[in-house]
Amino acid sequence: MALASGVRFAPRALLRPWALLRGTTLGRTEPAAGGGGDGARRFGSQRVLVEPDAASGVAVMKLRNPPVNALSLELLTELVISLEKLENDKTFRGIILTSDCPRVFCAGLDLTEICGRNPAHCAEYWKAMQELWLRMYLSSLVLVAAINGACPAGGCIIALSCDCRVLADNPKYRIGLNETLLGIIAPFWLKDTYVNTIGHRASEQALQLGSLFPPAEALQVGLVDQVVPEDQVQSTALSEMARWLAVPDHARQLTKNMMRKATADRLLRQRDADTQNFVSFVCRDSIQKSLQAYLEKLRQRKG
Ligand SMILES: CC/C=C\CC/C=C/CC(=O)SCCNC(=O)CCNC(=O)[C@H](O)C(C)(C)COP(=O)(O)OP(=O)(O)OC[C@H]1O[C@@H](n2cnc3c(N)ncnc32)[C@H](O)[C@@H]1OP(=O)(O)O
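This section reports on the structure supplied with the text. Keep in mind the model is a prediction, meaning the values are calculated, not measured.

Conventions used here
Residues numbered from 1 in each chain as written. Predicted model: local features only at pLDDT ≥ 70, side-chain atom pairs only at ≥ 80, totals over all residues. Heavy atoms only, no water. Helix = DSSP H or I, 4+ residues; strand = E, 2+ residues; numbered from the N terminus. Expected span 1.5 Å × (residues − 1). Buried < 20%, exposed > 50% of the residue type's maximum accessible area, 1.4 Å probe, protein only. Contact = heavy atoms within 4.5 Å. Salt bridge = Lys/Arg side-chain N within 4 Å of Asp/Glu carboxyl O. Pairing = 2+ DSSP bridges. Right-handed = clockwise from strand over helix to strand, strands pointing away. Core = buried A, V, L, I, M, F, W, Y, C linked by side-chain atoms within 4.5 Å.

Details of helix α7 (residues 233–245)
Note that an α-helix has 3.6 residues per turn; residues three or four places apart therefore point the same way. Across its 13 residues, α7 extends 18 Å between first and last C-alpha, which sits within 8% of the 18 Å expected from 1.5 Å per residue. Along α7, the residues that are buried comprise V233, T236, A237, E240, M241 and L245. Residues of α7 that are buried in the fold lie against β4 (58–63), β5 (94–99), β6 (142–147), β8 (164–168) and β10 (226–228).

So this is what it looks like as structure tokens:
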């Protein structure tokens, strides 16, 4: 993690993402609609669509894992790879992260990845979650979340790993860490990310209550930076991006690192212990029962 001007400081090779890849179609490049030169070419994978604009140095990254962008192992892996690809390309200075699925930004952990799975799978899954958070949280690029749908739990953490958040003004698009309502506990690094964003007292309350904030409250508590009509989310995210990109990269990157490194280092120091803790917790019979019941409730809610 070199700190020289312009040098990327995201941790490299903490986990080789492609080792996790199963049945994905990465590296596909196709012309965008109406596109011409390099700046208009899309690339990405099955679950992550990247629309790069070389002229502005900004890429729009869309999550497309229907129906709710649950963070499956494949989606986590593809996100890490797309992020790494953009970070390694000097053309790009910023990413706007948004959803390609209607009404949902990201439903958080894919509960089917941790329900009824063996400990080895849960460990592999959790390591991938840690990896994505570390890479996003320490990314040298400016990350702006254009939150165009519901954003609970792991979805909220993805958004909080960005530098700035724009939320669509729709009362159904709630954001927050609701883990306690599932009978599970946010690990310390999710808690730290929350505290770093909204402060200790607000986090203490929101974490214990499992609060999911509607837009106006999310703005008030500081979980998001702007709430705008749904059709203005993308344009506002672009304006925010321009504001962040107006700052010289090296100064902004070093400042970001100064603000975030201690939090990331805390996980890096105890990554294995955190994984073991997660696995032993979620594999308990009582926790499995809670998760199964929650999933069942979600399925029955339909229709
Ligand atoms: C020691 C550390 C221990 C633990 C740390 C663990 C950290 C956990 C962080 C997490 O992220 S836990 C996951 C929390 N996520 C949620 O609580 C969100 C649950 N989902 C929803 O509230 C809603 O689905 C939605 C608001 C996101 C979208 O609502 P809607 O558009 O009405 O869709 P449906 O509810 O009908 O869902 C469609 C479909 O998707 C399935 N599904 C939804 N969420 C998940 C999920 N997180 N994982 C897996 N599957 C999910 C849902 O069951 C439906 O499936 P069908 O088979 O019925 O189509």
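A short note on the pattern of salt bridges
This structure, assessed with the given rule, holds 13 salt bridges. Two residues, E113 and R117, come together in a salt bridge whose shortest N-O distance is 3.8 Å. A salt bridge links R201 to E204, with the shortest nitrogen-to-oxygen separation between them at 3.6 Å. Here R201 and its partner E204 are both found in helix α5 (residues 200–209), 3 residues apart, which amounts to about one turn of the helix. Given a relative accessible area of 52%, R201 falls into the exposed group. A single network of salt bridges, built from pairs that share partners, joins E84, E131, R135 and R271.

With respect to the pairing of β5
Counted residue by residue, β5 has 6 buried out of 6 residues, so it is predominantly covered. Covered by surrounding structure in β5 are G94, I96 and T98 together with I95, L97 and S99, the residues of both alternating faces. Pairing of β4 with β5, which is carried by 6 bridges, proceeds in the parallel orientation. Directly across from M61, in β5, lies its bridge partner L97. Following the backbone out of β4, through helix α1 (residues 73–87) and into the adjacent parallel β5, one traces a crossover that is right-handed. Sheet topology places β5 next to β6; 4 bridges connect them, and they run parallel. Along β6, the bridge assignment pairs L97 with A145.

Remarks on the pairing of β8
Burial of β8 is extensive: 5 of the 5 residues sit out of reach of the surface. Burial along β8 is two-sided: the face carrying C164, V166 and A168 and the face carrying R165 and L167 are both buried. Note that β8 and β10 share 3 bridges and pair parallel. Counterpart to V166 in the pairing with β10 is Q226.

Re the nonpolar core
Considering soluble globular proteins, one finds that nonpolar side chains tend to be buried as a cluster. Membership of the largest hydrophobic core comes to 87 residues, with the highest contact counts inside it found for I175 and Y194. When residues of this core are assigned to their parent elements, the largest contribution, 11 residues, is made by helix α2 (residues 119–137). Beyond its immediate stretch of four places on either side in the chain, Y194 contacts C156, L160, G176, L177, G199, S203, A206, L207, S211, F213 and L223.

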